[in-house]
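# Structural description and commentary
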Amino acid sequence: KDRGLIERVKMPEMNAMKRVCYQDREVNLGLDVQSAVREAQRCMDCVNPTCMEGCPVSINIPKFIKNIERGEFLEAAKTLKETSALPAVCGRVCPQEKQCEANCFYTLKLKKTPVAIGYLERFAADYERESGQASIPETAPKNGIKVAAIGSGPASLAFAGDMIKLGYDVTVFEALHEIGGVLKYGIPEFRLPNKIVDVELDNLEKMGVRFERNFIVGRTASFDDLKAEGYQAFFVASGAGLPRFMNIPGENYNGILSSNEYLTRVNLMNAADDSFDTPVLKGKNVAVVGGGNTAMDSVRTAKRLGADRAMIIYRRSREEMPARVEEIHHAEEEGIEFINLTNPIEYFSDENGRVKSMKVQRMELAEADASGRRRPVVIEGSEYEIPVDVVVVAIGVSPNPLVPSELPQLKVSRWGTIDVDSETMQSSMPELFAGGDIVRGGATVILAMGDGRRAAAGMHQYLSEQN
Amino acid sequence: MNEIINVESFSENVVKLVVKAPRIARSRKPGHFIILRIDEKGERIPLTIAAADEKAGTITLVAQKVGVTSKRLCEMKPGDSILDLVGPLGKATHIEKVGTVLACGGGVGVAPLLPIVEGFKKAGNRVVTILAARSKDLIILEDEIRKWSDEVIVMTDDGSHGRKGLVTAGAEEVIKREKVDECVAIGPAVMMKFTSLLTQKYNIPTQASLNAIMVDGTGMCGACRVSVGGQTKFTCVDGPEFDAEKIDFDELILRLGGYKAEEKEAFERFMQTVTI
Ligand SMILES: Cc1cc2nc3c(=O)[nH]c(=O)nc-3n(C[C@H](O)[C@H](O)[C@H](O)COP(=O)(O)OP(=O)(O)OC[C@H]3O[C@@H](n4cnc5c(N)ncnc54)[C@H](O)[C@@H]3O)c2cc1C
Ligand SMILES: Cc1cc2nc3c(=O)[nH]c(=O)nc-3n(C[C@H](O)[C@H](O)[C@H](O)COP(=O)(O)OP(=O)(O)OC[C@H]3O[C@@H](n4cnc5c(N)ncnc54)[C@H](O)[C@@H]3O)c2cc1C
Ligand code: SF4
Ligand code: SF4
Ligand code: FES
Ligand SMILES: [Mg+2]
């Protein structure tokens, strides 16, 4: 049989007209057993599996896919868990087209569509979870050494999983009232259902990880307080939670908000549901500024909240959009308008200070510069106005300044990210390790998890030498 | 978790709550606030820490009923628990010995003013406090404020307690009478705006504590942004106190109304659930 002739599987999805009526229904429905096995058959089990080079945590891709092909789905899940703490999450949100799948033999050599590594990863992880046979990993005997993780995003969860297995006494401190970081407050239900994250949290809890909600390290208690309580080392994974604005006239009018505020209201506070007290603005003409995952999540949320026009305003073209290709595609199916090569320059309000229109200008792309990126330049005289009643600014985030501001002796870069050794993730303070977005600026879930795992190894080494 | 130890009504609409929160009681300073969520379906709202008892492990909050969440909070009983409570948030008030401090509090603004008045007094300042409200029953914490002030002037809109008139009338009288080195104003945005305009006239450095709309309180959402000296600041992490002269109060007042329609709807829905 010729593996190369099998067509790449199509992900079954909920119909676009139907799914925009629900804030909380997942778009991708997942592969069934038959199509997963068939897709697995496409994998050539390459002698030199280049796909693995594209995966930031080097998952043994051919091995887990072969397990699926043989029908050993639980084995496949086990293979995934050797390297990834949250395969059900990464299978859904990794930018596969830039990572593993971009480096698949099919893409590189055959110029064909790659093996659907992400879909298969999700399949194996979902299968294991739904089988109810997910194994709770074994943990080493307790060594009695207390360590703390700060923040509860993917970096900390991966860190906590590894440290608890090594026998440490692990506490995760989270400022918000929910565990999960961006996985909970940022990424919407229609892309990553909370219950999938919750299963992983349950597992960590069963393994003995303690979670302290509503606890801001540096405020509720200082690092010194925690040291006095016996914590010997810290993993800082406080994320890149500080939203950027454009600083253009009128940006503080009502109705103009950051994507963090918009998504937090809907995802963390359930604002779309009338039985919850938190309000959210439901606009008719909603413009979302930006072209990343956050922008796509916001604009598709706006559509689901009933917007007639839900628009992306992006200053470059579709090719440069940093969002996952699948999200852009889903957004197009859902009737999102893409107003590309366009940038806002001013907002106007009604007499109550509520935004009513935005002035934008058209852009064109100049020649690629030294960095290889084509820079957008203004087309003079191209300004025009777009009527809007809600604007979501999704142009990026900066590192959360809370922890660095509490620790003057900690070395940070000029962008406010924590400086660490890239192998051990140790910072300039020996007992303090860091990873995820607080080290990288806005990055990805899988990179954050990889950092968490490296930090666990680094901290284990450090503490073994100390104790 | 976060058990309510004691509840006391100051007036029909203003309630004092003593809540168990040992860590916060230990780490808080004047000017700090907390964010709470009453239950699973509740919203997150900020309230200033009016006082704390480190030994008892409690903090004191003073809340005024203005909408769904504050109303539900004010109706809670001793023994009830608040599901989520996080803090201390914000920057602490910069307190030092400056000479004479004029403290102006309007309405429930007196609650956050109390620890600041206490702090300035303990730092060795002469403290003159103006308490202002619409009428007598809206003047709160008068005894506690008196304890830490050299002089207290009460002003009510209707003259039902103290003198009749606005906070600015009382303040101007003090400024004309003696040298004031610093002013602190906390209350409704309009009250702070006019107090600030007055003290500017006399070149008195003035701090105002802003009550912007908040969600997370950790600098993550930007809901609380205000313009100070032409720059956007986040009230929860850069404030809540700012140099009053530089604050764009008109923008703040507009932004405070940002969810008015939604809040009104929520209130009507809530009132239906309680009458059924
Ligand atoms: C809307 C949105 C969509 C995204 N989509 C994708 C996607 O599709 N694919 C992808 O790979 N990546 C995506 N990302 C990026 C990805 O989510 C992040 O890179 C990742 O979550 C970073 O993980 P982290 O562990 O560093 O921190 P975070 O997930 O940011 O979590 C940090 C946590 O730390 C808490 N915290 C901060 N300071 C303190 C303190 N002092 N004490 C206690 N707690 C504290 C914060 O409250 C927060 O919960 C998206 C991001 C957003 C915002
Ligand atoms: C730093 C700070 C300290 C504060 N301290 C006190 C205090 O000690 N005592 C007190 O009574 N009040 C205080 N407030 C104001 C208090 O938070 C609001 O009155 C409360 O949130 C109203 O919520 P609601 O649901 O009852 O009313 P709603 O009907 O929802 O709102 C009424 C008005 O309150 C404001 N508001 C609504 N939601 C929020 C929110 N999430 N965050 C901030 N403001 C909001 C808006 O201006 C709104 O128009 C403080 C506010 C801030 C920012
Ligand atoms: S973790 Fe992400 S990059 Fe790695 S194999 Fe899975 S989907 Fe691909
Ligand atoms: S490169 Fe593609 S075909 Fe080769 S092992 Fe990896 S997934 Fe399979
Ligand atoms: S309340 Fe969210 S940034 Fe201040
Ligand atoms: Mg409210």
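Being a predicted model, the structure only gives us computed values, none of them experimental.

### With respect to the overall build of chain A
- Helix and strand counts for chain A stand at 18 helices and 16 strands.
- Taken over C-alpha atoms, the radius of gyration comes to 23 Å for chain A, in line with the 23 Å a tight globule of 467 residues would show.
- Counting only C-alpha atoms, chain A reaches 65 × 65 × 50 Å along its principal axes.
- The buried share of chain A, reckoned over its 467 residues, is 58%.
- Pairs at least 24 apart in sequence give 69% of the contacts found in chain A among residues at least 6 apart.
- Taking the average location of the 56 positive side-chain charges in chain A and that of its 66 negative ones, the two points are 4 Å from each other.

### A word on the site of ligand 4
- Taken together, C43(A), M44(A), C46(A), T50(A), C51(A), P62(A), C104(A), F105(A) and I117(A) form the complete shell of residues around ligand 4.
- The residue makeup of the shell around ligand 4, split by class, is eight nonpolar, one polar and no charged.

### Considerations on the packing of aromatic side chains
- Using the criterion set out here, one finds nine aromatic pairs over all chains in the structure.
- Judged by centre distance (4.8 Å) and plane angle (65 degrees), the rings of F73(A) and Y127(A) are edge-to-face. In this pair, F73(A) is assigned in helix 5 (residues 73-83) and Y127(A) in helix 8 (residues 117-131), connecting sequence segments 54 residues apart.
- Where F223(A) meets F234(A), the ring centres are 5.2 Å apart and the plane angle is 75 degrees; that geometry is what we call edge-to-face. Highlighted residues: F223(A) in helix 12 (residues 223-228) and F234(A) in strand 4 (residues 231-236), separated in sequence by 11 residues.
- A network of ring pairs unites the aromatic residues F73(A), F123(A) and Y127(A) as a single cluster.
- Across from the ring centre of Y106(A), 4.5 Å away, lies the NZ or CZ of R42(A), which sits over that ring.
- It is R265(A) that lies over the ring of Y259(B); its NZ or CZ is 4.1 Å from the centre.

### Observations concerning a nonpolar patch on the surface
- Taken together, the side chains of V190(B), F194(B), L197(B) and I253(B) define a hydrophobic patch exposed on the protein surface, amounting to about 330 Å² of accessible area.
- A total of three residues in the nonpolar patch trace back to one element, the largest contributor, which is helix 6 (residues 189-201) of chain B.

### Looking at the side chain of E241(B)
Residues and elements named next belong to chain B.
- Considering the arrangement of structural elements, one finds E241 in strand 16 (residues 241-243).
- The charged side chain of E241 is buried without a salt bridge, its nearest counter-charge being K91 at 11 Å.
- A polar contact is formed between the side chain of E241 and the side chain of T93, at a distance of 2.8 Å.
- Ignoring anything within four residues of it in the chain, the contact list for E241 reads G31, T93, I116, Q207, A208 and S209.

### Thoughts on the site of ligand 2
Residues and elements named next belong to chain B.
- As a matter of local geometry, ligand 2 sits amid 23 residues, with E43, P46, V62, Q64 and S70 nearest to it.
- Contact distances for ligand 2 include 2.7 Å between an oxygen atom and a backbone N or O atom of P46.
- Here V62 contributes a backbone N or O atom positioned 2.7 Å from a nitrogen atom of ligand 2.
- When isolated, ligand 2 has an accessible area of 870 Å², and the protein chains bury 87% of it.
- Listing elements by their share of the shell around ligand 2, those giving two or more residues are strand 4 (45-48), strand 6 (58-64) and helix 2 (68-74).
- Among the elements that make up the shell around ligand 2, the one with the highest residue count is strand 4 (four residues).
- Each residue belonging to the shell around ligand 2 can be placed in one class, and the counts come to 14 nonpolar, six polar and three charged.
- Looking at which domains feed residues into the shell around ligand 2, each of domain 1 (3-89) and domain 2 (100-257) gives three or more.

### Here's the deal with the domain arrangement of chain B
Residue and element names in this part refer to chain B.
- The domains assigned to chain B are domain 1 (3-89) and domain 2 (100-257).
- Placing a centre on the C-alpha atoms of domain 1 and another on those of domain 2 gives a separation of 21 Å.
- Contact with domain 1, which involves 17 residues of that partner, is made by 17 residues of domain 2.
- Of the roughly 1,500 Å² buried between domain 1 and domain 2, counting both surfaces, carbon and sulfur atoms make up 69%.

### A few points about the UniProt feature "domain: FAD-binding FR-type" (unreviewed entry) in chain B
- According to UniProt, the "domain: FAD-binding FR-type" (unreviewed entry) feature falls on residues 1-95 of chain B.
- The annotated region residues 1-95 of chain B carries 14% helix and 40% strand content, and the separation between its end C-alpha atoms amounts to 32 Å.

### Structural notes on the UniProt feature "binding site: FAD" (unreviewed entry) in chain B
Residue and element names in this part refer to chain B.
- Per the UniProt entry, the sites bearing "binding site: FAD" (unreviewed entry) are V62, A63 and Q64 in this numbering.
- Among the secondary structure elements, V62 is positioned in strand 6.
- When residues no more than four places from it in sequence are discounted, the contact partners of V62 are F10, V14, V15, K16, A50, V108, A111, I140 and L141.
- Mapped onto the elements, Q64 comes out in strand 6.
- When residues no more than four places from it in sequence are discounted, the contact partners of Q64 are N13, V14, S70, C74 and V108.

### Looking at unusual backbone geometry
- The peptide bond linking G87(B) to P88(B) adopts the cis configuration, its omega dihedral lying at -5 degrees.
- Looking at where P88(B) falls in the secondary structure, it is placed in strand 7 (residues 84-89).
- The peptide bond linking G239(B) to P240(B) adopts the cis configuration, its omega dihedral lying at 10 degrees.
- Mapping P240(B) onto the fold places it in the loop between helix 7 (235-238) and strand 16.
- For K111(A), which is not glycine, the phi torsion reads 55 degrees and is therefore positive.
- The phi angle at N247(A) is positive, at roughly 55 degrees, despite the residue not being glycine.
- Looking at the element boundaries, N247(A) is found in the loop between strand 5 (242-243) and strand 6 (256-258).

Reading the values: the criteria
Residues numbered from 1 in each chain as written. Chains lettered and ligands numbered in written order. Predicted model: local features only at pLDDT ≥ 70, side-chain atom pairs only at ≥ 80, totals over all residues. Heavy atoms only, no water. Helix = DSSP H or I, 4+ residues; strand = E, 2+ residues; numbered from the N terminus. Rg over C-alpha atoms; globule rule 2.2 N^0.38 Å. Buried < 20%, exposed > 50% of the residue type's maximum accessible area, 1.4 Å probe, protein only. Contact = heavy atoms within 4.5 Å. Lys, Arg positive; Asp, Glu negative; His and termini not counted. Charge placed at Lys NZ, Arg CZ, Asp CG, Glu CD. Near = heavy atom within 4 Å. Nonpolar A, V, L, I, M, F, W, Y, C, P; charged D, E, K, R; others polar. Phe/Tyr/Trp six-rings, centres within 6.5 Å; stacked < 30°, edge-to-face > 60°. Lys NZ or Arg CZ within 6 Å of the ring centre and 35° of its normal. Patch = residues over 30% accessible without salt bridge, like charges linked within 9 Å, V, L, I, M, F, W, Y side chains within 5 Å. Areas by Shrake-Rupley, 256 points an atom, 1.4 Å probe, with all protein chains shown as cover. Salt bridge = Lys/Arg side-chain N within 4 Å of Asp/Glu carboxyl O. Polar contact = N/O pair within 3.5 Å; in protein donor to acceptor, adjacent residues only side chain to side chain. Domains from an automatic or database assignment. Buried area = accessible area lost by both parts, 1.4 Å probe. UniProt positions renumbered as here; feature names shortened; annotations may be inferred.

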